[in-house]
Amino acid sequence: MAGVTEEKDMEAVWSPGLDSAPLSVVTMELKLGSLVTLLLLTIISGLAPLSLFRRQGSTVTSGPQRRSLSLISCFSGGVFLSTCLLDLMPSYLSSIAGALKGLNITLQFPLQEFILAMGFFLVLVMEQVAMGYKDQAGGSEETGALLGSASLLHSGVGAPHVHVDVNAHSAVRMMALVLALALHSALEGVALGYQGARGRVMKTCLALLVHKSLIAFSLTLKLGQGRLHVRAMLACLLFYSLMCPLGMGLGMAWAGSTDPVQQLTRSVLEGLATGAFMYITFLEILPHELSAGYPQIDRVIVLLCGFSAIAAVLFIKI
């Protein structure tokens, strides 16, 4: 009996070690597979609107085709609105609260909101400086390499009016949109790389695949409406697509590190990006989508569908 008891004790001691090794390997393989899949699916989703814009520019489109593009654009507006209110802002506020708690810092000043405002004003100042420089130069030569020569939403003589404000879709706003989404995507990848539970990793990866695909599609659609050149659009899409896998790799490399100063630095950057995204969402995307001079309830319904799509994905991630 003593020998049997000793053998059971040995099994109890060594079994966790034997089970944990394959689990960590499987988790690592799952993360690497998700990294590749996420990169490819994001690029494919982002390339889809390019064919749509190519068809728009090649021939005079009919009213139903133009209306379909408008509704797709409203859907992407809902995606960005939901991303701003339900994803970026809660993630940033939770991150910076954890960082301040880790440093044992208690503030009476609303630092979190102040950082958001700084990100908002950063884009505003950059845009005004760029517009002032363009006015002094007396032309748009500095944006010729980025902007196309014809509007992507106007084709044919006597076509129905679709409001496109060239100043609203400035290159500065488009670049701020890409940078804000790319930084948030990288930080999401870092958070995923930190995780070690296989079930949690799989659930988060599936949600990220849907989330990033929707955002990549909407991002390319907005870049096209901003009249960016195709090469610039492809460069922005590739940059955005690479950020989440890059962040995931960094998270896997930094796994186990809990430096609160490092976390606070990431939180400040995320706050600036969130403030910039707020500027783009509420002063660029939503006014553009709801700028029709007559009520169109279908545009609002489609916008709510885009909002609900991201809300459903975020519900799955919980």
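Here the structure is a predicted model, which means the values were calculated and not measured. Positions within a chain are numbered from 1, following the residues in the order the chain's sequence is written. Two thresholds apply to this predicted model, a pLDDT of at least 70 for residue-level local features and 80 or more for giving and counting side-chain atom pairs, whereas whole-chain, interface and lining totals are computed over all residues. Side-chain calculation: all heavy atoms of the structure are included, whereas hydrogens and water are not.

Peer 1: Any chance you could break down the environment of Ala191 for me, citing the residues and the numbers?
Peer 2: We count a stretch as a helix when DSSP gives it H or I for four or more residues in a row; a strand needs E for two or more, and each element gets its number in order from the N terminus. Among the secondary structure elements, Ala191 is positioned in helix α4 (residues 171-194). When the C-alpha positions of Ala191 and Met248 are compared, they lie 7.3 Å apart, and in sequence the two are 57 residues distant.

Peer 1: For the UniProt feature "transmembrane region" (unreviewed entry) in the protein chain, give the residues involved together with the corresponding values.
Peer 2: UniProt positions are given in the numbering used here, feature names are shortened, and annotations may be inferred rather than shown by experiment. Under the feature "transmembrane region" (unreviewed entry), the UniProt entry names residues 32-53, 74-94, 114-133, 230-255, 267-287 and 299-316. As a span, residues 74-94 carries 100% helix and 0% strand, and end to end its C-alpha atoms are 29 Å apart. Along residues 114-133 the backbone is 100% helical and 0% strand, and the end-to-end C-alpha distance reaches 28 Å.

Peer 1: Can you tell me about the environment of Gly189, naming the residues and giving the values?
Peer 2: The topology assignment puts Gly189 in helix α4. Between the alpha carbons of Gly189 and Gly251 there is a distance of 6.9 Å; along the sequence they are 62 residues apart. Contact partners of Gly189, with chain neighbours within four places excluded, come to Cys244, Gly247 and Met248. Contacts were defined at the residue level, with two residues in contact if any of their heavy atoms lie within 4.5 Å.

Peer 1: Help me get a handle on the packing of aromatic side chains, residues and values and all.
Peer 2: Note on aromatic contacts: the rings of Phe and Tyr and the six-membered ring of Trp form a pair at centre separations within 6.5 Å, being stacked when their planes are under 30 degrees apart, edge-to-face when over 60 apart, and tilted otherwise. Considering all chains together, one arrives at four aromatic pairs under this definition. Consider the rings of Phe120 and Phe121, whose centres lie 5.7 Å apart with planes at 85°: the pair is edge-to-face. Pairing Phe120 with Tyr279 gives two aromatic rings, centres 5.1 Å apart and planes at 70°, and the pair type is edge-to-face. Of this pair, Phe120 sits in helix α3 (residues 111-137) while Tyr279 sits in helix α7 (residues 260-289), and the two are 159 residues apart along the sequence. Aromatic ring contacts, followed pair by pair, group Phe120, Phe121 and Tyr279 into a single cluster.

Peer 1: Lay out the nonpolar core with the relevant residues and their values.
Peer 2: If you look at the biggest cluster of nonpolar residues, it comprises 30 residues, and the most contacted ones within it are Phe80, Leu177, Leu181, Leu219, Leu223, Phe277 and Ile280. Among the elements of the structure, α2 (63-102), α4, α5 (198-225), α6 (230-253), α7 and α8 (297-317) are those that each provide at least two residues to this core. For Leu223, the residues in contact, after removing those within four places along its chain, are Met174, Val178, Leu228, Met233 and Cys236. What is meant by a nonpolar core is a set of buried Ala, Val, Leu, Ile, Met, Phe, Trp, Tyr and Cys residues, joined one to another through side-chain atoms within 4.5 Å. Burial here depends on accessible area, computed with a 1.4 Å probe over protein chains only, as a share of the maximum for the residue type. Under 20% is buried, over 50% is exposed, and the range in between is partly exposed. With eight residues, the next largest nonpolar core counts Leu192, Cys205, Leu209 and Met252 among its residues.

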